[in-house]
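Close look at the chain arrangement
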Amino acid sequence: MSRVVIWSFLIACFFGLSAPSVVIAADTVCIECHGGQPGSLGVPVADWRTSIHSENGVSCHDCHGGDPTDFAMAMSPEKGFLGAPEYTDVPAFCGRCHVGVSDAYQAGAHGQAIESGGAQCVVCHGNHAIQKANLDLINEEACSQCHTYERAALIRLSLVETDTMVAKVEHDLDRLYRLGFAVDDMQGTLFSQRNLFHQIFHGVDVERVRAETADIQAELSKVGTKVAAIDSTVGQRKLWGSVVIALFVLAGVIFLLVRKAYEEEEKG
Ligand code: HEC
Ligand code: HEC
Ligand code: HEC
Ligand code: HEC
Ligand code: HEC
């Protein structure tokens, strides 16, 4: 790779990563003007205010481009305004920020079939009122608009199983952490497996989802085994703790008895 390519890549990464976190979702000229527009020009503002994007400072211009500080020139192409994307352009539009998801999507059946009606990002997530994602997005009503629900249901089943396991491991590690155990290693495994897990869906491939969730479940089971081992030492410690306390109590009782016997002997 040439140096120019590497530098452009690094600069693109810098702006790509820093833009959403640096820009606070303050009122821009886009929001001011569109907020006062009727119908489909104004609705995006109200919808967007409820979204995870708004919460994270991703504003109109972060998606649509343009100049959020210049009333007159806000939507000029010279200011980088992109307009609203066509149906087939949406994955690339969202994929500027969601690179991993977008790659998995493009490689899968939906991405491959986009020209002939494959679902794209907005079909499932909506456009302006996008919320934090979860597996409830996979449901019969949403997924049987274009084909039968059968394969979707199989995918959902594998994902829900793994999701439950992720939640259990999260809960266990929290508990051990609060008890004062070092769980960094296990947290690391959980973190990477959870990331892998959340990337699987967009490929919408039943066999792959099965194979990959099986791998993730195997890794999570290993963490589960370690948790069980720690729990059993905690159990043993508790047991030894009780034994020691019992011995102290016994020693105390014996001491009192001996003293009493001694006192009685002195009296008598
Ligand atoms: C002074 C008012 C005003 C400002 C400022 C403004 N817009 Fe608009 N916008 C409109 C109107 C009116 C339309 C519909 C007519 C048109 O497309 O020009 C529109 C259309 C749009 C569309 C739809 C275009 C399409 O292809 O269908 C998008 C997306 C959009 N604006 C985003 C933005 C963004 C992002 C900003 C800020 C960078 C912005 N607007 C600033 C008034 C405004
Ligand atoms: C997460 C990216 C994203 C953000 C943030 C966003 N938009 Fe959009 N917007 C889209 C997409 C995608 C479309 C294309 C419509 C579709 O496919 O449903 C769109 C379409 C539009 C349209 C065309 C009319 C319509 O609803 O289809 C307008 C106008 C618009 N956006 C204005 C805005 C304004 C104003 C804001 C800020 C309050 C905003 N958008 C924020 C992604 C975004
Ligand atoms: C300018 C960058 C940017 C663009 C463009 C963008 N997003 Fe986002 N998106 C973010 C950020 C930042 C977050 C919040 C942090 C996170 O959860 O990743 C987010 C969060 C999300 C989430 C919730 C993720 C979760 O953890 O559950 C979804 C779903 C989402 N975006 C979908 C979309 C869709 C669909 C589009 C296109 C219409 C889009 N995004 C366009 C930056 C962007
Ligand atoms: C067929 C419906 C569907 C389509 C199409 C779709 N998504 Fe998703 N998306 C989901 C579901 C379901 C989840 C939750 C998966 C999970 O939790 O493992 C999700 C999760 C996400 C997340 C959160 C991932 C994380 O790490 O937690 C993001 C971001 C996202 N989608 C963005 C996109 C973008 C961008 C596109 C288009 C390239 C897209 N989605 C297309 C259904 C869809
Ligand atoms: C807008 C239409 C549309 C919607 C909505 C939609 N799909 Fe699809 N889906 C397609 C198309 C088109 C194909 C490719 C042709 C086919 O295999 O039926 C496809 C294929 C699939 C496949 C088969 C992949 C393979 O190679 O076996 C699965 C699995 C799938 N979709 C899951 C889902 C899930 C889960 C949802 C709901 C979250 C969903 N789809 C919603 C259009 C859609």
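Whatever comes next refers back to the structure up there.
Counting of residues starts from 1 at the beginning of each chain's written sequence and follows it residue by residue. Here every chain gets a letter starting at A, and every ligand a number starting at 1, in the order they are written. Only residues with pLDDT of at least 70 get local features here, since the model is predicted, and only at 80 or more are side-chain atom pairs given and counted; chain-wide, interface and lining totals rely on the full set of residues.

Remarks on the overall build of the protein
Counting from the N terminus, the helices are the DSSP runs of H or I reaching at least four residues and the strands are the DSSP runs of E reaching at least two. When its secondary structure is counted, the protein shows 13 helices and zero strands. Moving toward the C terminus, one meets the helices and strands of the protein in the order α-α-α-α-α-α-α-α-α-α-α-α-α. Counting all 268 residues of the protein, 18% fall into the buried class. Once C-beta atoms are placed from the backbone, each residue is buried if 20 or more other C-beta atoms lie within 10 Å of its own, exposed if 12 or fewer, and partly exposed for counts between those two.

As for unusual backbone geometry
Phi is positive for Val 204, close to 35°, though the residue is something other than glycine. Looking at where Val 204 falls in the secondary structure, it is placed in the loop between helix H12 (184-200) and helix H13 (206-267).

Quick word on the site of ligand 1
In this analysis, residues qualify as near a molecule or strand once their C-beta atom, positioned from backbone atoms, comes within 6 Å of it. Close to ligand 1 lie 16 residues, the nearest being Cys 30, Cys 33, Gly 66, Ala 74 and Gly 83. Looking at the shell around ligand 1, the elements that each hand over two or more residues are helix H2 (29-35) and helix H5 (60-64). Residue contributions to the shell around ligand 1 peak at four residues, all from H2. The classification used treats Ala, Val, Leu, Ile, Met, Phe, Trp, Tyr, Cys and Pro as nonpolar, Asp, Glu, Lys and Arg as charged, and all other residues, Gly among them, as polar. Here the residues of the shell around ligand 1 sort into ten nonpolar, five polar and one charged.

Details of the site of ligand 5
Around ligand 5 there are 22 residues in total, and Ala 109, Ala 119, Cys 143, Cys 146 and Ala 152 lie nearest to it. Elements represented by at least two residues in the shell around ligand 5 include exactly helix H8 (109-112), helix H9 (121-125), helix H10 (140-143) and helix H11 (150-178). For the shell around ligand 5, the element with the most residues is H11, which contributes three residues.

A short note on the environment of Ala 152
In this structure, Ala 152 sits in helix H11. Each C-alpha atom of the pair Ala 152 and Ile 138 lies 7.1 Å from the other, and the pair is 14 residues apart in sequence. Here contacts are defined at the residue level, using C-beta atoms placed from the backbone and a cut-off of 7 Å between them. The contacts of Ala 152, once residues within four sequence positions are left out, are Ile 138 and Cys 143.

Notes on the packing of H12 against H13
To obtain an axis, a line is fitted to C-alpha atoms, over the contacting stretch when the element is a helix, and the angle between two such axes runs from 0 to 180 degrees between their N-to-C directions. Closest axis-to-axis distance for the H12/H13 pair is 10 Å, and the angle between their directions is 165°. As the angle between them shows, H12 and H13 are arranged roughly antiparallel. Here the hand of the crossing between H12 and H13 comes out left-handed. Judged by residue contacts, Met 186, Thr 189, Leu 190, Gln 193, Leu 196, Phe 197 and Ile 200 of H12 engage Val 209, Glu 212, Thr 213, Ile 216, Glu 219, Leu 220, Val 223 and Lys 226 from H13. When its residues are assigned to classes, the contact of H12 with H13 shows nine nonpolar, three polar and three charged. What sets the label is the angle itself: under 35 degrees gives roughly parallel, over 145 gives roughly antiparallel, 65 to 115 gives roughly perpendicular, and the rest give oblique. By convention, the crossing between two helices is left-handed when the near helix turns anticlockwise from the far helix through less than a right angle, and right-handed when the turn is clockwise.

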